[in-house]
Amino acid sequence: MSIALQRVDYDDPQHQRDLVTLMNLYASSPSGGGQPLSLQVQASLAQQLSNISHAFSALAYAEAMAVGVVNCFQGFSTFRCRPLLNIHDLIVHPDYRGQGISQLLLAHVEQEAIARGCCKLTLEVLQGNTAARGAYTKFGFQAYELDPAMGQAIFLEKRLGVDSANHAD
């Protein structure tokens, strides 16, 4: 099977549909909170992403079908005084998992990070998502700690506003 990667053109209607379809597939799964994206999010996601200058997304296609997507945001490491790249979403269609698509998307992101002069890639993953954790470990990701005596970093959130959806964003 041949997989082609394309940078998402947030203004392209097909890319918009493919992005939302894969995001909605993940959001509806237990790892994504078990609820589809709201209609408002589905309608405005691509436009909102296009407004973020440091954001980029890539789609993986098998033939004409979108089978994977990655959404990334550039951040900044104050300890290294250099940019970093955060992988906010990495989704592979369930029918195409185990075929190396995540590794292709991660390699694409890594090349983009290198081109941007980033010092590292970051991401978050649920403890129970063993398949995703395995893919990330295979690619070289590891838990983050500065000093073993202080332990590993953990991800925390505080929701703001009226959005009480249970999505993994």
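This one's a predicted model, so the numbers in the text were calculated from it and none came from an experiment. (Residues numbered from 1 in each chain as written. Predicted model: local features only at pLDDT ≥ 70, side-chain atom pairs only at ≥ 80, totals over all residues. Heavy atoms only, no water.)

**Student:** Mind laying out the overall build of the protein chain, listing which residues take part and the relevant values?
**Tutor:** Scanning the protein chain from terminus to terminus reveals 4 helices and 5 strands. Going from the N terminus to the C terminus, the protein chain shows its helices and strands as β-α-α-β-β-β-α-β-α. In terms of overall dimensions, the protein chain is globule-like: its C-alpha atoms have a radius of gyration of 16 Å, near the 15 Å expected for 169 residues. For the protein chain, the C-alpha atoms occupy an extent of roughly 50 × 40 × 30 Å along the three principal directions. For the protein chain, with 169 residues in total, the buried portion stands at 36%. A separation threshold of at least 6 residues defines the contact pool for the protein chain, and within that pool the share at least 24 residues apart is 60%. When the accessible surface of the protein chain is summed, it comes to about 10,300 Å², and 53% of that surface belongs to carbon and sulfur atoms. Taking the average place of the 11 positive charges on the side chains of the protein chain and the average place of its 15 negative ones, the gap between the two points comes to 6 Å. (Helix = DSSP H or I, 4+ residues; strand = E, 2+ residues; numbered from the N terminus. Rg over C-alpha atoms; globule rule 2.2 N^0.38 Å. Buried < 20%, exposed > 50% of the residue type's maximum accessible area, 1.4 Å probe, protein only. Contact = heavy atoms within 4.5 Å. Areas by Shrake-Rupley, 256 points an atom, 1.4 Å probe, with all protein chains shown as cover. Lys, Arg positive; Asp, Glu negative; His and termini not counted. Charge placed at Lys NZ, Arg CZ, Asp CG, Glu CD.)

**Student:** Got a sec to walk through the UniProt feature "domain: N-acetyltransferase" (unreviewed entry) in the protein chain? Specific residues and values, please.
**Tutor:** Sites flagged by UniProt as "domain: N-acetyltransferase" (unreviewed entry) map to residues 8-161. With 34% helix and 23% strand, residues 8-161 has its two end C-alpha atoms placed 29 Å apart. (UniProt positions renumbered as here; feature names shortened; annotations may be inferred.)

**Student:** Tell me about the nonpolar core, residues and numbers included.
**Tutor:** V70, L85, I87, L90, I101 and V109 are the most contacted members of the largest nonpolar core, which totals 23 residues. When contributions to this core are tallied by element, the ones reaching two or more residues are β2 (55-62), β3 (65-77), β4 (82-92), α3 (101-115) and α4 (130-139). A total of 5 residues in this core trace back to one element, the largest contributor, which is α3. With residues near it in sequence (within four places) discarded, L85 still touches F56, C72, F73, Q74, V109, E112, A113, R116, C118, K120, L121 and T122. One finds V8, L45, A46 and F73 within the second-largest nonpolar core, a separate group that totals 17 residues. (Core = buried A, V, L, I, M, F, W, Y, C linked by side-chain atoms within 4.5 Å.)

**Student:** Just give me the short version of α3, but keep the residues and values in it.
**Tutor:** Compared with the 21 Å implied by 1.5 Å per residue over 15 residues, the 21 Å span of α3 between its first and last C-alpha is a close match. Of the residues making up α3, those classed as buried are I101, S102, Q103, L105, L106, V109, E112 and A113. Those residues of α3 hidden inside the fold are in contact with β1 (3-7), β2, β3, β4, β5 (121-123) and α4. Once α3 ends, the next one or two residues include G117, with phi positive near 75°. (Expected span 1.5 Å × (residues − 1).)

**Student:** An account of the packing of helix α1 (residues 13-27) against helix α2 (residues 39-50) is requested, with residue identities and associated values reported.
**Tutor:** For the pair α1 and α2, interaxial distance at closest approach is 9 Å and the crossing angle is 115°. In this structure, α1 crosses over α2, and the sense of that crossing is right-handed. Contacts between α1 and α2 involve Q16, L19, V20, M23 and N24 from the former and Q42, L45, A46 and L49 from the latter. When its residues are assigned to classes, the contact of α1 with α2 shows 6 nonpolar, 3 polar and no charged. (Axes fitted to C-alpha atoms, helices over the stretch in contact; angles between N-to-C directions. Left-handed = near helix turned anticlockwise from the far one by under 90°. Nonpolar A, V, L, I, M, F, W, Y, C, P; charged D, E, K, R; others polar.)

**Student:** Explain the environment of R116 to me, and be specific about the residues and the numbers.
**Tutor:** Position of R116 among the secondary structure elements: in the loop between α3 and β5. When the C-alpha positions of R116 and P83 are compared, they lie 7.7 Å apart, and in sequence the two are 33 residues distant. What R116 contacts, discounting residues up to four positions off in sequence, is R7, H54, F56, Q74, P83 and L85. At 3.5 Å, the side chain of R116 and the backbone oxygen of H54 are in polar contact. Side-chain polar atoms of R116 contact the side chain of Q74, separated by 2.9 Å. (Polar contact = N/O pair within 3.5 Å; in protein donor to acceptor, adjacent residues only side chain to side chain.)

**Student:** Residue-level account of the environment of H54, with values.
**Tutor:** By secondary structure assignment, the location of H54 is in the loop between α2 and β2. Separated by 16 residues in sequence, H54 and S38 place their C-alpha atoms 24 Å apart. Those residues within four positions of H54 in sequence are excluded, and the remaining contacts are C72, F73, Q74 and R116.

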